[in-house]
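The residues making up each chain are set out below.
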Amino acid sequence: MSAIAGVVDFHGGPVDPVLVARMIAPPQPCGLEVRGPVHRSSSALAFCGRRAGRAAFDQPLADSRSDCVIVFDGRIDNRQDVAGRLGVADSARRSDARLVLDGYTSRGLDVIPGLSGDFAFAIWDGRARQLILVRDPLGVRQVCFAPVPQGLAFATDARQLLEIDGVDRRPNMGFFAEWMAGWITHPSDTIYQGIHRVPPAHVLTASASGVRRDRYWDIDPDRRLHYRDDAEYACHFRELFASSVRSRVRSADRVAIALSGGIDSSAITAMAAHVTTTEPADLRAYNISYPGLPEADEDHYARLVADTHGVPLVTVPYVGRADNYLRAPLLLRDMAPGGVGAVDVGFYETVAADGCGLVLDGTGADEWFRGTAYHAADLLRQGRLIAAVRRLREHASHCGSIHGVLAVAKGPVWAACPPALRRAIKRVLPARDIVPRLFRRDFARSVNLVDRMTGPNYDDRFSTFAAGAVYRDATCQHGAYNWHEDVRLAAAFGMEMSAPFQDRALAEFAVALPEEQRWSKGRAKRVIRNGMHDLMPSVVLGRDDKGNGSEAQFVELRQLHDAGAFDRLQLAAAGVVDAAEIEPMFRSMRDMFSRNDLHYEIQANQLWLMFCAECTWRALFGEGARPSNASRPALHGRATR
């Protein structure tokens, strides 16, 4: 885990290094080292991180010839390629930060599109008096910024920027509504009005003349892979996946794997064990079990995978703890506690106590490799009606689907309609109310929530609906927001989170696949299964189901409801939530659960998002909320050894 922070003055005025030192301080003691700030009157940059083995920190890193300073958070995976383009002969002895700074001083911004990995970095160019902020292609790392008098402040997360007096701490109600609705469409926003994010795959250039954002990378929508047979697709996947896992464990001493027992986390465990036979690393697997909740519990699958590869497994039992819901937003200060029972807090406490510095997670596999019902739209465009109906039936009957064929078909059929027909239908049919029922309608209108939630479920730049839908799902900002919640909670305990499936090369490969390599005959992730067939237990490879956390979510909601957690909501007092809708929705959810109607999951998710939003509001903005620069709360549990 590492973090960066800094303040610059574009007009040459003084910058207080003590302020930047406060910004970079870890939220609680967790074995991290703070370096800097490197102070040059009108700029101050700082770095915080954990040593990997015997490696020495060289950050903040200054180049006296160019008067440039860099702070770098993350990892460059294609170091040899970058070094070759720069003509660097001794790249093995240069840190990632040094390699990027050398690239900038010799090539300027042209070096950025060629970088691959998980990273966010800042470069202060003293001669040009400009600040460069860069975020990796898939947004695995993040960097936030806020305007300050005559300059700009930046940091890994918004919490750090709250140390600065004058930053607008008022809630960004439009973004708050997007998050609560589960449909984030403004990737540059944060929960605070005055703090913003650099979007994924963007470079932000700031100077006295203003701020400019430029996209430096995107997936080629026209690229398609055409191999002879399944074996060639599987071989290509395995090569890319092995490289992705290897790059993440290369500098870690002890690696934790969040092993649920599903296809994705099992594949990571198997590949990590495979690649570390030649590059030893101490692997440990951790599983959250749900005793008494068979729909959610996958402990037996996790044990089978761990035993197959000789990886020690620690089981962390799910225990609902009401105090966790407020602890998480109080610590993070800009994120909401989305996990069921906030079990992630206990999970990271356990992993940190075991001395792990890196946690591998299966995020990204579903989004890039699961396949999509929008393939039916491509089949309809081709006149293959029977094949399209078969595809929609497969999707509706697949394990975990809660929608019938007609509900599944709406999006693909609408997408396949000619534009003129869609316009004609819109003129005839009344407008649908897409605002979730828990919102007050006047509030929804005040933040233009309908406009914020309206948009296609696919990217129309792609030649197929399937590829466009995969890209849209995988780059959905709500998923990215949930990912960063996990990243931040892990960081609070001094650990780094990494997702091998969230890899630039794997993403480019996944979108270019024929849909049959993602989905075939009612089975998802075909190319992953084929690529890992000799490394994973056959019973896991053959799984079509996965643990359903909605059962645990329902149990937790019922306990919270009975304890009065939905009474006297501050969000209702603030005019956001319609309190009259809560009890009817809860009763409806409970009735559907009792008769095994899986549609309860939809209402459970809406109630859960509302409750998490209430916790965040109480912690950050509501009555009795802590001042933004109050002392940070400590999470219980030991820090990383």
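1. Quick word on the environment of G36
Tracing the backbone shows G36 in strand β2 (residues 33–39). Sequence separation of G36 and G494 is 458 residues, and the distance between their C-alpha atoms is 18 Å. Among all residues touching G36, those that are not within four sequence positions of it are L45, A46 and P60.

2. Here we look at the sheet that holds strand β7 (residues 130–135)
The strand order across the open sheet built from six strands is β4-β5-β6-β7-β11-β12, with neighbouring strands paired in antiparallel fashion. In this open sheet, the two strands that pair with only one neighbour each are β4 (61–63) and β12 (210–215). Each adjacent strand pair in this sheet contributes to an overall mean axis angle of 15 degrees, direction not counted. Across three bridges, β4 lies against strand β5 (residues 68–76) in antiparallel orientation. Bridge pairing in β5 places D63 opposite C68.

3. As for empty space enclosed by the protein
Under the counting rule described, the total for this entry stands at five cavities of 30 Å³ or more. One number sums up the size of the second largest cavity: a volume of about 80 Å³. R135, Q142, F175, I184, H186, P187, D189, R197, Q477, A480, Y481 and H484 are the residues that line the second largest cavity. For the lining of the second largest cavity, the leading source of residues is helix α19 (residues 477–492), giving four residues. Split into classes, the residues belonging to the lining of the second largest cavity amount to five nonpolar, four polar and three charged.

4. Things to note about helix α3 (residues 96–107)
With twelve residues, α3 should reach 16 Å at 1.5 Å per residue; the first-to-last C-alpha distance of 16 Å fits that figure. Taken together, the buried positions of α3 are occupied by D96, A97, L99, V100, L101, D102, G103 and Y104. Backbone geometry just downstream of α3 places G108 in the positive-phi region, at approximately 70 degrees.

5. A closer look at the packing of aromatic side chains
Think of a pair of aromatic rings as described by two things: how far the centres are apart, and how the planes are tilted against each other in angle. Across all of its chains, the model carries 24 aromatic pairs by this definition. On the numbers, 5.8 Å between centres and 20 degrees between planes, the contact of F72 with F121 is stacked. In this pair, F72 is assigned in strand β5 and F121 in strand β6 (residues 117–125), connecting sequence segments 49 residues apart. Relative to Y600, the ring of F593 has its centre 5.0 Å away and its plane inclined at 90 degrees; by these criteria the two rings are edge-to-face. The side chain of R391 reaches across the aromatic face of W519, ending 4.1 Å from its centre.

Definitions and limits used
Residues numbered from 1 in each chain as written. Predicted model: local features only at pLDDT ≥ 70, side-chain atom pairs only at ≥ 80, totals over all residues. Heavy atoms only, no water. Helix = DSSP H or I, 4+ residues; strand = E, 2+ residues; numbered from the N terminus. Contact = heavy atoms within 4.5 Å. Pairing = 2+ DSSP bridges. Axes fitted to C-alpha atoms, helices over the stretch in contact; angles between N-to-C directions. 1 Å grid on protein atoms, 1.4 Å probe; cavity = no way out; pocket = protein on both sides within 12 Å on 5 of 7 lines; lining within 4 Å. Points joined across faces, edges and corners; volume = space filled by probe spheres on them. Nonpolar A, V, L, I, M, F, W, Y, C, P; charged D, E, K, R; others polar. Expected span 1.5 Å × (residues − 1). Buried < 20%, exposed > 50% of the residue type's maximum accessible area, 1.4 Å probe, protein only. Phe/Tyr/Trp six-rings, centres within 6.5 Å; stacked < 30°, edge-to-face > 60°. Lys NZ or Arg CZ within 6 Å of the ring centre and 35° of its normal.

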